[in-house]
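Each chain is listed here by its residues.
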Amino acid sequence: MATEKQPIQQAESEVKKPTCGIVMPISAIDDCPAGHWEEVKNILIDAISSAGYEANLVSDADDSGVIQKRIVQNLYSNEIVVCDVSCKNPNVMFELGMRLAFDKPTIVVMDNMTKYSFDTAPIEHLVYPRDLSYYKIVEFKKKLCGKIAGTMNAAKQADYTTFLKHFGEFKVATIEQKEGSINDLILSRLDEMSDQIKTIKHIRFPITRVESETQKEAINNAICQAIDSFCMAFGVEKSAPQMQDEDSQERMNLYKFIVSNDNIRRLCGSPVRIRQAINDVLHSF
């Protein structure tokens, strides 16, 4: 009987775990050497493994081949992706944008020395210390493990969206499986991106050009009320220098506060219009 159960037990142990992709810097940037990122990668792998997932850099694969194709395929097919935007590495930010275009489960992390990026500020960022101090890293790994589980549970809901659909109804990007050379694939994707950019332009800019005075007044009033609520809640003056500085942490917090308002998102129609309205209101002080 023991010998009959052994193959079953072996098969169960060989069940492949779902994959959690990792997007992160891997070479020296700012004052962080390559060895620093190797340590960060091990920290992420520990947390991901604790959540029951197989950690894998999106650039890694079992076979050799074109690395860009491999990255795109993994960004699309991995069940969840953890993206470390520390130091705002250009390749990382591009790959994060691609994953968000697929509108699939994504978790963003960064170190405490990196400022928020305007476009991704509405997404919750898990922060860890750049000096990788032990006790804070232990706490960070617990939070990341819990965030992975929570995100995957939320993704089971029909109305789940990582980022894209907060700003309207968009066609989510997909990857088709078909025969063809990598050049054909790249050209095809560039054509699709060009078409989507044209569509976005038609959605955003004509609307802002033909806004009626009534619409502009409604937007400004809504933004003013939101700014007043933010200032009252966090004890900051609208005329304070940090509120006038578009790159300050305070302005990023204000943007996240305002963009969470469904009414304002509906009135403005795009993140660009929200940012413009915030600037218009604050520059009047």
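One can find the structure itself at the top, above this paragraph.
Described below are features of the structure shown in this document. Every value quoted in this text rests on a predicted model; they were computed, and no experiment measured them.

## Topic: the overall build of the protein chain
Logical step 1: Secondary structure summary: the protein chain contains eleven helices and five strands in total.
Logical step 2: In the protein chain, which comprises 285 residues, the share counted as buried stands at 38%.
Logical step 3: A fraction of 64% describes how many contacts in the protein chain between residues 6 or more apart in sequence connect residues 24 or more apart.
Logical step 4: For the protein chain, the accessible surface area stands at approximately 16,900 Å², while carbon and sulfur atoms represent 53% of it.

## Considerations on the pattern of salt bridges
Logical step 1: As enumerated under the stated definition, the model contains nine salt bridges in all.
Logical step 2: A salt bridge links D111 to R130, with the shortest nitrogen-to-oxygen separation between them at 2.8 Å. Of this pair, D111 sits in strand β4 (residues 106-111) while R130 sits in the loop between β5 (125-128) and α5 (134-154); the two residues are 19 residues apart in sequence, bridging distant segments of the chain. Note on accessibility: D111 and R130 belong to one class, buried.
Logical step 3: Two residues, E246 and R275, come together in a salt bridge whose shortest N-O distance is 3.1 Å. Placement of E246 in the loop between α8 (241-244) and α9 (249-259) and of R275 in helix α11 (residues 271-282) is noted, with a sequence separation of 29 residues between them.
Logical step 4: For E246, a relative accessible area of 29% puts it in the partly exposed group.
Logical step 5: In this structure R275 comes out as partly exposed when scored by relative accessible area, which is 29%.
Logical step 6: Sharing partners across several salt bridges, the network here consists of D31, D111 and R130.

## Considering the packing of helix α2 (residues 34-50) against α5
Logical step 1: Running from amino to carboxyl end, α2 crosses α5 at an angle of 45°, the nearest separation of the two axes being 8 Å. Taken together, the axes of α2 and α5 lie oblique to each other. When you trace α2 past α5, the crossing you get is right-handed. Within the contact between the two elements, α2 uses I43, L44, D46, A47, I48 and S50 and α5 uses I137, F140, K141, L144, C145 and I148.
Logical step 2: Here the residues of the contact of α2 with α5 sort into nine nonpolar, one polar and two charged.

## Observations regarding the nonpolar core
Logical step 1: With 41 residues, the main nonpolar core has I223, I227, M243 and I258 as its most contacted residues.
Logical step 2: Elements represented by at least two residues in this core include exactly α3 (67-77), β3 (80-84), α4 (90-102), β4, α7 (213-234), α9, α10 (262-268) and α11.
Logical step 3: If we ignore the near neighbours within four places in the chain, the residues touching I258 are I223, A226, I227, I264, I274 and I278.
Logical step 4: Core analysis: the second largest hydrophobic core is formed by 27 residues, W37, V40, C87 and V109 among them.

## Topic: empty space enclosed by the protein
Logical step 1: Applying the stated criterion to the full structure yields one cavity of 30 Å³ or more.
Logical step 2: Space inside the largest cavity adds up to approximately 60 Å³.
Logical step 3: Forming the walls of the largest cavity are F118, E246, R251, M252, Y255, R275 and I278.
Logical step 4: Looking at the lining of the largest cavity, the elements that each hand over two or more residues are α9 and α11.
Logical step 5: Top element by residues in the lining of the largest cavity is α9. It accounts for three residues.
Logical step 6: Residues of the lining of the largest cavity, tallied by class, amount to four nonpolar, no polar and three charged.

Calculation rules
- Residues numbered from 1 in each chain as written.
- Predicted model: local features only at pLDDT ≥ 70, side-chain atom pairs only at ≥ 80, totals over all residues.
- Heavy atoms only, no water.
- Helix = DSSP H or I, 4+ residues; strand = E, 2+ residues; numbered from the N terminus.
- Buried < 20%, exposed > 50% of the residue type's maximum accessible area, 1.4 Å probe, protein only.
- Contact = heavy atoms within 4.5 Å.
- Areas by Shrake-Rupley, 256 points an atom, 1.4 Å probe, with all protein chains shown as cover.
- Salt bridge = Lys/Arg side-chain N within 4 Å of Asp/Glu carboxyl O.
- Axes fitted to C-alpha atoms, helices over the stretch in contact; angles between N-to-C directions.
- Parallel < 35°, antiparallel > 145°, perpendicular 65-115°, else oblique.
- Left-handed = near helix turned anticlockwise from the far one by under 90°.
- Nonpolar A, V, L, I, M, F, W, Y, C, P; charged D, E, K, R; others polar.
- Core = buried A, V, L, I, M, F, W, Y, C linked by side-chain atoms within 4.5 Å.
- 1 Å grid on protein atoms, 1.4 Å probe; cavity = no way out; pocket = protein on both sides within 12 Å on 5 of 7 lines; lining within 4 Å.
- Points joined across faces, edges and corners; volume = space filled by probe spheres on them.

Function cannot be inferred from these measures alone, as they are strictly geometric.
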